[in-house]
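Given next are the chains, with one letter for each unit.
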Amino acid sequence: MKLYISRLLLGTLFLFTQFIAAQGLSKNQFKVKGNCEMCKTRIEGAAKKAGAKTAVYSIDLQTLTLETEHVSADEILKKVADAGHDNEKYKASNDTYEGLPGCCHYDRTLQPAATESQDHHAHKKENEFYVKGNCASCKARIEKAAKDAGAGSAEWNAEKQTVILDFDSSKISSDKILKAIADAGHDNEKYKTSDAVYKNLPGCCLYDRDIPFGEANPNVHYEEGTKHEDHKEHQPQANTEDHSQHEKNIDGVVVTGYKAATSLSKKEAGLVFNIDKKELLKAACCNLSESFETNATVDVSFSNAVTGTKQLKMLGLDQKYTSLTKEQLPEIRGLASAYGLNFIPGRWIESIQLTKGGSTVTNGYESITGQINTELLKNAKTPETSLNLFSDFNGRAEANITSVSPINEKWSQTFLLHGNGTFGNTDMNGDGFLDRPKGTQINAAYLLNYNDLEKSGFGSHFGINFIRDERTAGQVDFDKKLAQDKQYAYGVGIDISRFQVWNKTGYVFKGKPYQSIGWMNQYVYHQQDSFFGLRNYNGQQHTYYSNLIFESIIGNTNHKYKAGASFLYDGYEENYLTDNLKRNEIVPGIFAEYTLTGLKYTLVAGARADFHNLAGTQFTPRLNFKYDFTPQTILRLSAGRGFRTANVFAENQQYFASNRAINILSNGGNIYGLKPEIAWNYGVSLQQEFKIFGRKSTIIADFFRTDFQDQVLVDLDKSPQQLTFYNLEGKSFANSFQTQWDFTPFKNFDVRLAYKYYDVQADYIAGRREIPFMAKHRGFVNLAYATNKNDKGGFWSFDTTLNWVGKQRLPDTSSNPAEFQLPVYSESYAILNAQISRNFNKKIRAYVGGENLTSYYQKNAIVDFKNPFGSYFDGGMVYAPIMKANFYVGLDVTF
């Protein structure tokens, strides 16, 4: 049935895109001046009265997009000018302009009228020549071609469609430079590029070859700073709609770039959010688990009452169903599932790309609800070293040193060092147990980058990382110096060593910026030694991952494809009590992905086949489709399949701090006697931009459904004294709805509001039930205000986030004695976090903040805490904070 649905969806979307491509309307975009929503209404109204089939005006882009059948664009633009709005063809009369309302008086000096533009021939500078192009990518290509041909400098102007050349006429002629520009793909007043070269330009760079030189180019979108196809890789990218940038990428190899602060990408076919390091400074972001405090998409579970673990949740499902990568390489999985979020320090992060729903097949088969990719600091034109010091009022402290520096023109390096320690005994609820573990972590990494893409076509990134983390938890009286069998108090000890080394190397084919090959390799060693009271758990994991990706086009860059092969080896050895569990997972795989780009739509369809030695051959199709009704109204559809193997011990360590006996009900599978987990995910979203208070505002609404074909259920209800695992027999699904509104009521003040609804149910042995610890309703408010910068670059910033969490179903404890029973549902509650920071200049920043300022905490976080070695003790029943308000201070210094 699932295969039939996926085929039906693929077929429907294919026919839909063909229908779109077959439309015969004339589509044109023109520059038109305007200020506000009143201008927008007037312009669109005048265009439609003049005969336009559709007319959409963008205040941000100052463009009018027309669809016409029986009337010329000139006639429409004449009527728009008669209504009072200057455009690239006609200028409004002074009387009409002056008659507009005051709020509609746009700046008439920014865009010359067509008559002025056409008269430009008489005013060109001596070394100024007409060259056609559309965007920032065109500008880079034109200027590079001119300089490579011998020009000392070259400056291309998108609005004028001209390039100003500075060159030594005794050594080179303007003709030779213009010939080189034409060879690069850009028609000019001396030479015309060949059809073959022109067609191989990215779709966004395909300028109109019929417009006479000197006339305005309606397709110019340089001001958007769009990232274009020949610069784009498979991984999620930052939204660049408001920030101009140039970036040269190969699959899996990011060489350089500029990322917006926080944004939803309008260009990606999938629903991709980018969280920049600037966003992470709004809260106490000490590690990856705390990086989503000001983000409404990801839910973070609260620290376990004994082990201190946190987990992410997305689309109503646990972290294990989201692909968590670092530098586009598999990161938090396997034995690292429980504590891996603590191993990526917040101050090391350059950006986070968050994809909801199906992600690209080039990144593997494990993604079911989406992907969260973390990019480390590695881009700097000048040497920059930063020191961060942090401390809270309950005995936690940390220090970070990051240094990013260019070695020479092609090489750069990054040193990253992190240390943290928790030294105080924190027991705010007085139950005799530490509210969070004590211990230390040392974390060091070195990154080396090589970038010679412009000349030789090669780029490479190398990284190495070592982590040593030691934690002690349990009762306050626990003495870690005593042997386990001599302890009278309940204790938890967790010691982790982790080593990683990776490389990503790519090559862009000479003369073919759209064609590249990239190869990624990584080795990971992870060792955990731990005990929970009288129970031991030790595990060791060796992982080798390799991914080879080739990217090119079919005809032109509107038809792109990627193909490649991957290999994954996981070697596990685990010891729990007296059980020794070993297995090797060997997974070669192949994949292909096709991207179709049209005027208003993008379709990305891919599939992969993986030959798992224990789970059998698995086929993984995925599809993402985006349609722009207007530049401000975007619809997205997605569908895809994912599978994974469950690590039942490592992924459920939050329940080890209890006296639940582990019970695995085997069904003949090859992994703990269980079959792999397989699920389908379907999604739809609508993104709408509009103006409010005269400023940009965005509303996004999305709905995702995840249907499990097979699942390893974690049953906490069968008995309060058991932790039972078994494969699904029946249905398991998750419905997720979210709506989010971002707007700016006034300058420097940003507001983010969100509401989420989850319906997550599964057929357990005892019947269908809601998944525990998942609130159906959640609310989110984030407010951020910053003062204007002074002459030294100093300013104040104020940030606050309110999370409201509805009631959650709790595991069934009805068979316990009355005093050790939990209610069927938890209470709803609200959590408030806030931070004030002061940038004294560009180099020094201090901040102070508070977490859980409402001081709401779970009073019964540990069941039967007085008798931790008894039958009813359970430290895993956590649904809310276990610490009251906590305050912190910090300092950032850049050298």
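This text follows the structure it describes.
Residues numbered from 1 in each chain as written. Predicted model: local features only at pLDDT ≥ 70, side-chain atom pairs only at ≥ 80, totals over all residues. Heavy atoms only, no water.

With that settled, the discussion passes to helix α6 (residues 136-148). Taking 1.5 Å of rise per residue, the 13 residues of α6 would be expected to cover 18 Å, and the 18 Å separating its terminal C-alpha atoms lies within 8% of that figure. Where α6 is concerned, the buried positions are Ala 136, Ser 137, Cys 138, Lys 139, Arg 141, Ile 142, Glu 143, Ala 145 and Ala 146. Backbone geometry just after α6 places Gly 150 at a positive phi near 125°. (Helix = DSSP H or I, 4+ residues; strand = E, 2+ residues; numbered from the N terminus. Expected span 1.5 Å × (residues − 1). Buried < 20%, exposed > 50% of the residue type's maximum accessible area, 1.4 Å probe, protein only.)

Attention now goes to empty space enclosed by the protein. What the rule picks out here adds up to 17 cavities of 30 Å³ or more. Volume-wise, the second largest cavity comes out at about 730 Å³. For the lining of the second largest cavity, the elements supplying multiple residues, two or more each, are β11 (299-300), β12 (312-314), β13 (317-318), β34 (712-715), β36 (732-746) and β37 (749-764). Residue composition of the lining of the second largest cavity, by class: 23 nonpolar, 14 polar and six charged. (1 Å grid on protein atoms, 1.4 Å probe; cavity = no way out; pocket = protein on both sides within 12 Å on 5 of 7 lines; lining within 4 Å. Points joined across faces, edges and corners; volume = space filled by probe spheres on them. Nonpolar A, V, L, I, M, F, W, Y, C, P; charged D, E, K, R; others polar.)

Right, let's get into the packing of aromatic side chains. Taken as a whole and judged by the stated rule, the model has 35 aromatic pairs. A centroid spacing of 5.7 Å and a plane angle of 20° characterise the contact between Phe 433 and Phe 873, whose relative ring orientation is stacked. Pair noted here: Phe 433 is in the loop between β20 (411-422) and β21 (438-452) and Phe 873 is in the loop between β42 (844-851) and β43 (886-894), with a separation of 440 residues, a long-range link. Joined through ring pairs, the aromatic side chains of Phe 532, Tyr 537, Tyr 576, Phe 649, Phe 656 and Tyr 672 make up one cluster. (Phe/Tyr/Trp six-rings, centres within 6.5 Å; stacked < 30°, edge-to-face > 60°.)

Where strand β23 (residues 491-508) and strand β24 (residues 516-532) come together, 17 bridges link them in antiparallel fashion. Looking at β24, one finds that Val 501 is bridged to Tyr 523. Here 17 bridges tie β24 to strand β25 (residues 535-554), and the two strands are oriented antiparallel to one another. In the sheet register, Asp 529 faces β25, and the bridge partner there is Asn 538. Counting the residues that bridge the hairpin from β24 to β25 gives two residues, and of these Gly 533 lies at a positive phi of roughly 65°. (Pairing = 2+ DSSP bridges.)

Quick look at a nonpolar patch on the surface now. Taken together, the side chains of Phe 393, Phe 746, Tyr 785, Trp 796, Phe 798, Ile 836, Val 848, Leu 853, Phe 887 and Val 889 define a hydrophobic patch exposed on the protein surface, amounting to about 870 Å² of accessible area. Where the nonpolar patch is concerned, the elements lending two or more residues are β40 (795-805) and β43. (Patch = residues over 30% accessible without salt bridge, like charges linked within 9 Å, V, L, I, M, F, W, Y side chains within 5 Å. Areas by Shrake-Rupley, 256 points an atom, 1.4 Å probe, with all protein chains shown as cover. Salt bridge = Lys/Arg side-chain N within 4 Å of Asp/Glu carboxyl O.)

Strand pairing in a sheet takes place through backbone hydrogen bonds and is either antiparallel or parallel in direction. With respect to topology, six strands assemble into an open sheet ordered β9-β10-β16-β17-β14-β15, the strand pairing being mixed. Every interior strand has two partners, whereas the edge strands, β9 (262-264) and β15 (329-330), have only one. Here strand β14 (residues 322-326) runs beside strand β17 (residues 370-376); their pairing, made up of five bridges, is parallel. Counted as the bridge partner of Lys 326 is Thr 374 from β17.

Looking now at the sheet that holds β11. If you trace the three strands from one edge of the open sheet to the other, you get β11-β12-β13, paired in antiparallel fashion. Only two strands of the sheet have a single neighbouring strand rather than two, namely β11 and β13. Bridge count for β12 against β13 is two bridges, and the pairing is antiparallel. Within β13, the residue paired with Met 314 across the bridge is Leu 317.

Mapped onto the fold, Ser 403 is located in strand β19 (residues 396-406). Residue class for Ser 403 comes out buried when judged on its relative accessible area of 17%. Considered as a pair, Ser 403 and Ser 516 are 113 residues apart in the sequence and their alpha carbons are 30 Å apart. Setting aside residues no more than four positions away along its own chain, Ser 403 makes contact with Glu 384, Thr 385, Gln 413, Thr 414 and Phe 415. (Contact = heavy atoms within 4.5 Å.)

Positionally, Lys 356 belongs in strand β16 (residues 349-356). Overall, Lys 356 belongs to the buried group, its relative accessible area being 2%. Engagement of the side chain of Lys 356 in a polar contact is seen with the side chain of Asp 702, the distance being 3.0 Å. For Lys 356, the side chain forms a polar contact with the side chain of Gln 738, separated by 3.3 Å. Setting aside chain neighbours within four positions, we find Lys 356 in contact with Leu 271, Phe 273, Thr 297, Leu 315, Thr 369, Gly 370, Asp 702, Phe 704 and Gln 738. (Polar contact = N/O pair within 3.5 Å; in protein donor to acceptor, adjacent residues only side chain to side chain.)

It is worth spelling out the state of the cysteines at this point. Summed over all chains, the structure comprises zero disulfides. Left without a disulfide partner, Cys 135 is nearest to the cysteine sulfur of Cys 138, which lies 3.6 Å away. (Disulfide = S-S within 2.5 Å.)

Judged by nonpolar contacts, the single largest core of 46 residues is most densely connected at Tyr 490, Tyr 537 and Val 648. Broken down by secondary-structure element, the contributors of at least two residues to this core are β22 (458-474), β23, β26 (556-576), β34, β35 (722-727) and β41 (829-839). Counting residues per element, this core draws most heavily on β23, which supplies three residues. Among the nonpolar cores identified, the runner-up in size contains 42 residues, and Ile 275, Ile 332, Leu 416 and Leu 568 belong to it. (Core = buried A, V, L, I, M, F, W, Y, C linked by side-chain atoms within 4.5 Å.)

We now examine a positive patch on the surface. Taken together, Lys 277, Lys 278, Lys 789, Lys 842 and Lys 843 make up a surface patch of like positive charges. When you line up the elements, Lys 842 lands in the loop between β41 and β42. (Lys, Arg positive; Asp, Glu negative; His and termini not counted. Charge placed at Lys NZ, Arg CZ, Asp CG, Glu CD.)

Turning to the environment of Asp 570, a few remarks are in order. You can see Asp 570 is positioned in strand β26. Spatially, the C-alpha atoms of Asp 570 and Glu 585 are 5.0 Å apart, while their sequence positions differ by 15 residues. Contact partners of Asp 570, with chain neighbours within four places excluded, come to Arg 333, Gln 541, His 542, Thr 543, Arg 583, Asn 584 and Glu 585. Of the polar contacts made by the side chain of Asp 570, one reaches the side chain of Arg 333; its length is 2.7 Å.

It is the contact of helix α2 (residues 37-49) with helix α3 (residues 73-82), at a shortest axis distance of 8 Å, that shows an interaxial angle of 140°. Judged on the interaxial angle alone, α3 and α2 are oblique. You can see that α2 and α3 cross each other, and the crossing is right-handed. Between α2 and α3, the contacting residues are Ile 43, Ala 46 and Ala 47 on the first element and Ile 76, Lys 79 and Val 80 on the second. Tallied by class, residues from the contact of α2 with α3 come to five nonpolar, no polar and one charged. (Axes fitted to C-alpha atoms, helices over the stretch in contact; angles between N-to-C directions. Parallel < 35°, antiparallel > 145°, perpendicular 65-115°, else oblique. Left-handed = near helix turned anticlockwise from the far one by under 90°.)

Attention shifts here to the pattern of salt bridges. In total, this model carries 44 salt bridges according to the counting rule given. For Glu 551, the salt bridge is made with Lys 560, and the minimal N-O distance between the two is 3.0 Å. Here the residues in one salt-bridge network are Glu 279, Lys 282, Asp 742 and Arg 752, joined through shared partners.

Moving on to the environment of Ala 754. Structurally, the position occupied by Ala 754 is in strand β37. In this structure, the C-alpha to C-alpha distance between Ala 754 and Ala 296, residues 458 residues apart in sequence, is 6.5 Å. Contacts of Ala 754, omitting those with residues within four sequence positions, involve Ala 296, Thr 739, Gln 740, Arg 778, Gly 779 and Phe 780.

As a further point, take helix α7 (residues 174-183). Three or more residues of α7 are buried, namely Ser 174, Ile 177, Leu 178, Ile 181 and Ala 182. The buried residues of α7 occupy one face: seen down the axis, they fall within an arc of 140°. Check the buried side of α7 and you find it contacts β4 (128-130), α6 and β6 (162-166). Once α7 finishes, Gly 185 follows within two positions and takes phi at roughly 120°, a positive value. (Arc of directions from axis to C-beta.)

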